[in-house]
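# Observations on the three-dimensional arrangement
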Amino acid sequence: MSDAIRRIRLPLSEADTLSLRAGDMVMLDGEIVITAGLPTIGRLLECLDGQRELPRPLTGAGVFHLGSYSRETEEGGFEVLYMNPTTSTRFNHLMPKLIRGFGLRAVGGKGGLDAGCVAAMKETGCVYLSFVGGGAPLLSDAIRRVVRVDWSDLVSHYRMVTLEVEALGPVTVGIDAHGNSLYGSLSEEAEARMPEIMAGLAEARAAATGGTP
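The notes below deal with the structure included here. Remember, predicted model here, so these are calculated numbers, not experimental data. (Residues numbered from 1 in each chain as written. Predicted model: local features only at pLDDT ≥ 70, side-chain atom pairs only at ≥ 80, totals over all residues. Heavy atoms only, no water.)

## Here we look at helix α3 (residues 95–102)
The α-helix advances 3.6 residues per turn, and as a result positions three or four apart in sequence lie on the same side. For α3, the complete set of buried residues consists of M95, P96, L98, I99 and F102. Angularly, the buried residues of α3 cover 165 degrees about the axis, an arc narrow enough to put them on a single face. Those residues of α3 hidden inside the fold are in contact with α2 (38–48), β6 (106–109) and α4 (115–124). Just past α3, the residue G103 takes up positive phi, approximately 65 degrees. (Buried < 20%, exposed > 50% of the residue type's maximum accessible area, 1.4 Å probe, protein only. Helix = DSSP H or I, 4+ residues; strand = E, 2+ residues; numbered from the N terminus. Arc of directions from axis to C-beta. Contact = heavy atoms within 4.5 Å.)

Pasting the structure below:
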């Protein structure tokens, strides 16, 4: 883990992906794909199953669980006013298939992903980038333009939007392509400390109740 914030360009090269380590902080330049909800993820799975045509290539792309507040302009364009991360764990059961099927190199959002996703990421060479929840102003300032909007029949929040960004972040490498996960480490640490925490709570309760169990 490095203390320096590193600038990296998307789509990530294989070499850049493998060079990142859990705990590294990075800022992103280039194109990102954002999607916030299950309707969009469901359509991506349909593309993998041959039920729907994929509107743009995703191999090597960065696909992030970022919700957005957007609007269609009078000139017929599309404007993203702000974006903010949504919880990735909602998609735990779906992400391994997406990561493997599309050869994704970067996914992200907030809250991390589970062990099944970590295994898929290690297998294909993919990292999870953790965005700060509530950091909408900081993240939105990085938007330079809307590159394309797909599945416009969906409400704007669920469309698949490709954005060009500059200095997006900083974000943290929560899971690296070598199978190291900050979320797994925190969970193990919390589990190890649970007996100590419970004993402390019991002592505090006994003191508050005069020793009554």
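## Notes on empty space enclosed by the protein
Using the criterion set out here, one finds one cavity of 30 Å³ or more in the structure. If you add up the space inside the largest cavity, you get close to 40 Å³. Lining the largest cavity are I41, L44, L58, V63, H65, M95, L98, F102 and L104. At the level of secondary structure, the elements contributing two or more residues to the lining of the largest cavity comprise α2 and α3. The element best represented in the lining of the largest cavity is α3, accounting for three residues. (1 Å grid on protein atoms, 1.4 Å probe; cavity = no way out; pocket = protein on both sides within 12 Å on 5 of 7 lines; lining within 4 Å. Points joined across faces, edges and corners; volume = space filled by probe spheres on them.)

## Quick look at the side chain of R159
Inspection of the secondary structure puts R159 in the loop between β8 (143–150) and β9 (160–175). Not counting the four nearest positions on each side in its chain, R159 is found in contact with I34, T35, T40, E72, F78, V149, D150, W151, S152 and L154.

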